[in-house]
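# Observations on the three-dimensional arrangement
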Amino acid sequence: MRTAAHPTFERLRDDDATGGRRDALPSQLEAPLSLPLVVDLDATFLATDCLHESLVRIVCHRPLALPLLMRALLQGRSRLKATAQALAPVDAGTLPVRADVLRMIEHEKMRGRAVHLVSAADDAAVRAVAAHVGCFDSAVGSSGGVNLKGEMKAAYLQERFPEGFIYAGDAATDEPVFRAATHAILVGPAARRAARMPGVHVAGAARSPAFPVGAWLRLLRLHQWSKNLLVLVPLLLSQEFMRPASIWASLAAVLLLGLIASGTYIVNDFADLRADRAHPVKRARPLASGALPILQGGVAAVLLVLLGLGGSLALSVPFAVVVAGYLVLTLAYSFGLKRVPLLDTYAVGILLTLRVVAGMALLGLALSPWLISFSIALFSSLAMAKRYAELHRMVAARADRPTGRGYAGRDLPLMLGFGIGWGLAGLLIMLMYVNVEATPIGLYRSPQWLYFVPGVVASWLQRIWLLA
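Parameters at a glance
- Residues numbered from 1 in each chain as written.
- Predicted model: local features only at pLDDT ≥ 70, side-chain atom pairs only at ≥ 80, totals over all residues.
- Heavy atoms only, no water.
- Helix = DSSP H or I, 4+ residues; strand = E, 2+ residues; numbered from the N terminus.
- Buried < 20%, exposed > 50% of the residue type's maximum accessible area, 1.4 Å probe, protein only.
- Contact = heavy atoms within 4.5 Å.
- Areas by Shrake-Rupley, 256 points an atom, 1.4 Å probe, with all protein chains shown as cover.
- Lys, Arg positive; Asp, Glu negative; His and termini not counted.
- Charge placed at Lys NZ, Arg CZ, Asp CG, Glu CD.
- pLDDT = per-residue confidence, 0-100.
- Salt bridge = Lys/Arg side-chain N within 4 Å of Asp/Glu carboxyl O.
- Axes fitted to C-alpha atoms, helices over the stretch in contact; angles between N-to-C directions.
- Parallel < 35°, antiparallel > 145°, perpendicular 65-115°, else oblique.
- Left-handed = near helix turned anticlockwise from the far one by under 90°.
- Nonpolar A, V, L, I, M, F, W, Y, C, P; charged D, E, K, R; others polar.
- Pairing = 2+ DSSP bridges.
- Arc of directions from axis to C-beta.

Another aspect to go through is the overall build of the protein chain. Per the secondary structure count, the protein chain includes 21 helices and six strands. Counting over 468 residues, the protein chain shows a buried share of 49%. For the protein chain, the proportion of contacts with a sequence separation of at least 24, taken over those separated by at least 6, is 66%. Surface accessibility of the protein chain: about 22400 Å² in total, with carbon and sulfur atoms responsible for 65%. Within the protein chain, one finds 46 positive and 32 negative side-chain charges whose respective centroids are separated by 5 Å.

Structure (structure tokens):
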């Protein structure tokens, strides 16, 4: 009997039409319809792991509950999964589903084959996903202190389906289940390893790249490293660019800040997982879409931050102190400040300014109140222009859902006033510097040419706000 149309099916068909995942699973299983199809949940039906999803939400949004997780871990992995699910239930409506596996399930259901969801994930999470999708005849997960994984899952399935079953799984721990199954559907990593195991009858495989370069590049957001070129501003303004040592140190600083920035971008993606999946564009991000596993993203974030901090300390202690402050403010922004109206834009302005301050600290230069105040004003204006444009699009689309930033449509005039005001303040600071300091002390041979710079900046800001 054909399964009823469900929003999840329609969304995945839409994803396919726009270039979604297309893997080589069989269009029809060559096995008797009397054999049930048993599907694993984590990294098989879903392109993510339910336990990792809950852990990320707890770390990002309920860190005070971490002692409860540590206590549960001492009582066994099944207890850990149950506790994590209770503290941060998975949102079945937004979890990324593998389109190829879902199509296979729908086709087999149409042919009359029974399909069951059996997973080592917590039983409540498994049942929540099954209830949301509505295409499984039954759903069973780990419960009662029993971790339904490996040999335990194989024994359970053999007892429940003595006449045989087809099993679709992904992990190396599924090898006992593959051997016990009449037919095996290999998904992801399992497709590379289990395909070579003796005694496994492979009915289909959906191989995934061992190292998806494109997904990693999108996750690290290397294009955002251009912001780190602000570290070079003090090098240019102080005329230290004549010293090779200063040049190489500044370039190293750009690289180290890039590593830390990429690490914090990953953390920010973790904090925004649910919001990104509800967004029409951001749901394609590597972690939100399941293109990269959460565990790998977490390890990458830690390594990038540690490498950046260690390298900064080796390069210059004052520089490392500023970088540490940048890291703390970035994490505060990811975990809360970005949801506080106006304060979020000030935080962005300070974060960009800290890159300039880091360049001063690296070269041992005295902090310039002119440069720092101008940077804060200019970057705060730019941050507000971005928020203004986002909110304006939401209002134009008559969206009644929140922006996730704490703003509402009625805030548009206020943001416009503050944003343009910050921009004008930055221009005023630049003009005062030219008149009060640069011209009287004779730092430049032809200071009149300096007035050209505020004119260019003013035109640029006007263009940005006109577009916003």
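Detailed conclusions should not be drawn from predicted coordinates in areas where pLDDT is low. Model confidence for the protein chain is summarised by a mean pLDDT of 85, while 90% of its residues fall at 70 or above. Averaged over each element, pLDDT in the protein chain is lowest for helix H1 (residues 7-17) (40) and highest for helix H16 (residues 294-315) (95). A low-confidence stretch, residues 1-23 stays under pLDDT 50, and its non-local contacts, those more than four residues away or across chains, total 44 contacts.

The tally for this structure, following the rule as stated, stands at 15 salt bridges. Two residues, arginine 127 and aspartate 123, come together in a salt bridge whose shortest N-O distance is 2.7 Å. Of the two residues, arginine 127 and aspartate 123 are both situated in helix H7 (residues 123-133); the distance of four residues between them amounts to about one turn of the helix. By relative accessible area, which is 15% here, aspartate 123 ends up buried. In this structure, aspartate 269 engages arginine 221 in a salt bridge whose closest nitrogen and oxygen atoms are separated by 2.2 Å. One end of the pair, aspartate 269, is in helix H13 (residues 244-271); the other, arginine 221, is in the loop between helix H11 (213-220) and helix H12 (233-237), and 48 residues separate them in sequence. By relative accessible area, arginine 221 is classed as buried at 11%. Three or more residues are tied together by salt bridges with common partners; here these are Arg221, Asp269, Asp276 and Arg285.

So, on to the packing of helix H3 (residues 50-61) against helix H5 (residues 77-87). Relative to each other, H3 and H5 sit at 55°, their axes nearing to 9 Å. When the axis of H3 is compared with that of H5, the two are oblique. Seen from above, H3 lies across H5 with left-handed handedness. Packed against H3, whose contacting residues are Leu51, Ser54, Leu55 and Ile58, the element H5 presents Arg77, Leu80, Lys81, Ala84, Gln85 and Leu87 at the interface. Considering only residue class, the contact of H3 with H5 consists of six nonpolar, two polar and two charged.

With that settled, the discussion passes to unusual backbone geometry. Positive phi outside glycine occurs at alanine 43, with the angle close to 60°. Looking at the element boundaries, alanine 43 is found in helix H2 (residues 41-45). Here alanine 43 falls in the partly exposed class, since its relative accessible area comes to 30%. Positive phi, close to 70°, is recorded for leucine 342, a residue that is not glycine. With respect to the helices and strands, the residue leucine 342 is situated in the loop between helix H17 (317-335) and helix H18 (343-363).

Ordered by their spatial adjacency, six strands build an open sheet running S3-S2-S1-S4-S5-S6, and the pairing between neighbours is parallel. Edge positions in the open sheet fall to strand S3 (138-142) and strand S6 (202-206), since each of these has one partner strand only. Geometrically, the sheet is characterised by an average inter-axis angle of 15° between neighbouring strands, direction not taken into account. The sheet contact formed by strand S1 (residues 37-39) and strand S2 (residues 115-122) spans three bridges and is parallel. For valine 38, the partnering residue across the bridge sits in S2 and is histidine 116.

This part is about the environment of leucine 424. When you line up the elements, leucine 424 lands in helix H20 (residues 412-438). Taking the C-alpha atoms as reference points, leucine 424 and leucine 461, 37 residues apart in sequence, are found 9.0 Å from one another.

Below, the discussion takes up H11. By the burial criterion, the buried members of H11 are Ala215, Trp216, Leu219 and Leu220. One side of H11 holds all its buried residues, which, seen down the axis, span an arc of 130°. Contact partners of the buried residues in H11: H13, helix H15 (286-289) and H16. Taken from the residues just after H11, arginine 221 is the one with a positive phi, measuring 50°.

Attention now goes to the packing of H13 against H16. Across the interface, H13 lies against H16 with an axial gap of 8 Å and an inter-helix angle of 150°. With respect to their mutual orientation, H13 and H16 come out roughly antiparallel. You can see that H13 and H16 cross each other, and the crossing is left-handed. Of the residues in the contact of H13 with H16, the class split is 17 nonpolar, seven polar and no charged.

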